[in-house]
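# Report on the structure
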Amino acid sequence: SSASNPSDNQYLMDKTSADADRIQIMMAGTGQVTWRIASVNHSGTDDFDSVLTCISTRSLATNPWYHIVGTININETRGQKLYINGVLEGTGTVDVPTTIFDYWSNDVNLGIGSVDSGNAGWFDGAICNVQIWNKEFTAEDASYAYLNPESLALNRSGTSLTNSNLKLWYPM
């Protein structure tokens, strides 16, 4: 992705479940990237049960292209990771609840370059090669994906990724 003159939160990706759970990758006006997963309290209140946030350790400059990967592993302590250009730039601050994806389905919108409704948080830049996998990238997979933008990470020798793990790909 490449941005020009960010001022407010700009969404690279946003998906909201029917129950208002959210998965987001956004860039703040400071240039820091946030990989956020918010789960509502399914016991009936409007509060979030958990908000998992992973923020990049550096701010991104305007105009260069960046390769951004957000991963989550519910079986790992602090299992949320953010890679920028193949390098680990942030890890989660809380443990990932094992129920984090219990209320998700594929019948909700996915916003690429804005919030999922498409009416706010526009990303002022270009986005290409959007991929969603149902298996976590390793550090080696994230590095391979950055260094080989015309190839999928499943082509890396030694990866455990398979074609069936790739759930969405917009090469753009």
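Predicted, not measured: the structure shown is a model, and the values here were computed from it.

## So, the pattern of salt bridges
Under the defined criterion, the tally for this structure stands at four salt bridges. Between Asp-14 and Arg-22 there is a salt bridge, with the nearest N and O atoms lying 2.8 Å from each other. For Asp-14, a relative accessible area of 0% translates into the label buried.

## Some remarks on the nonpolar core
Grouped together as the largest cluster of nonpolar side chains are 20 residues, with contacts concentrated most on Leu-12, Ile-25, Val-33, Trp-35, Ile-37 and Leu-60. Those residues in contact with Trp-35, other than ones at most four positions away along the chain, are Met-13, Ile-23, Gln-24, Ile-25, Leu-52, Thr-53, Cys-54, Gly-70, Thr-71, Gln-80, Lys-81 and Leu-82. Counting residues in hydrophobic clusters, the runner-up holds 12 residues, among them Trp-133, Ala-145, Leu-161 and Leu-166.

## Regarding the confidence of the model for the chain
The predicted coordinates of low-pLDDT regions are not to be read in fine detail. In the predicted model, the chain carries a mean pLDDT of 82, and the fraction of residues at 70 or more is 81%. Helix α1 (residues 139-147) holds the highest mean pLDDT among the elements of the chain, 96, whereas strand β1 (residues 2-3) holds the lowest, 52.

## Focus: the sheet that holds strand β8 (residues 87-91)
In sheet architecture, strand pairing relies on hydrogen bonds along the backbone and comes in two forms, parallel and antiparallel. Pairing is antiparallel across the open sheet formed by three strands, whose spatial order is β6-β7-β8. A strand with exactly one partner marks an edge of an open sheet, and here the two such strands are β6 (68-72) and β8. Between one strand axis and the next, the sheet turns through 25° on average, direction left out of account.

## Topic: α1
Turn by turn, an α-helix covers 3.6 residues, leaving residues three or four places apart pointing in a common direction. For α1, the full list of buried residues reads Asp-141, Ala-142, Tyr-144 and Ala-145. Along the axis of α1, the buried residues cluster in a sector spanning 165°; they form a single face. Elements that come into contact with the buried residues of α1 comprise β7 (80-84).

## With respect to the side chain of Ser-56
Locating Ser-56 in the fold gives a position in the loop between β5 (48-55) and β6. One polar contact links the side chain of Ser-56 to the main-chain carbonyl oxygen of Arg-58, over a distance of 2.8 Å. Every residue in contact with Ser-56, bar those within four places of it in the chain, is listed here: Gln-32, Val-33, Leu-82, Ile-84 and Glu-89.

## Thoughts on the environment of Arg-36
Relative to the helices and strands, Arg-36 is located in strand β4 (residues 33-40). Linking Arg-36 and Ile-25, residues 11 residues apart in sequence, is a C-alpha distance of 6.3 Å. The residues touching Arg-36, leaving out its near neighbours within four places in the chain, are Arg-22, Ile-23, Gln-24, Met-26, Val-51, Leu-52, Thr-53 and Gln-80. A polar contact is formed between the side chain of Arg-36 and the side chain of Gln-24, at a distance of 2.7 Å.

## Remarks on the packing of aromatic side chains
Across all of its chains, the model carries one aromatic pair by this definition. Note on Trp-133 and Phe-137: the rings are 5.5 Å apart at their centroids and 70° apart in plane angle, and the pair reads as edge-to-face. With respect to class, Trp-133 is no different from Phe-137; both count as buried.

Basis of the calculations
- Residues numbered from 1 in each chain as written.
- Predicted model: local features only at pLDDT ≥ 70, side-chain atom pairs only at ≥ 80, totals over all residues.
- Heavy atoms only, no water.
- Salt bridge = Lys/Arg side-chain N within 4 Å of Asp/Glu carboxyl O.
- Buried < 20%, exposed > 50% of the residue type's maximum accessible area, 1.4 Å probe, protein only.
- Core = buried A, V, L, I, M, F, W, Y, C linked by side-chain atoms within 4.5 Å.
- Contact = heavy atoms within 4.5 Å.
- pLDDT = per-residue confidence, 0-100.
- Helix = DSSP H or I, 4+ residues; strand = E, 2+ residues; numbered from the N terminus.
- Pairing = 2+ DSSP bridges.
- Axes fitted to C-alpha atoms, helices over the stretch in contact; angles between N-to-C directions.
- Arc of directions from axis to C-beta.
- Polar contact = N/O pair within 3.5 Å; in protein donor to acceptor, adjacent residues only side chain to side chain.
- Phe/Tyr/Trp six-rings, centres within 6.5 Å; stacked < 30°, edge-to-face > 60°.

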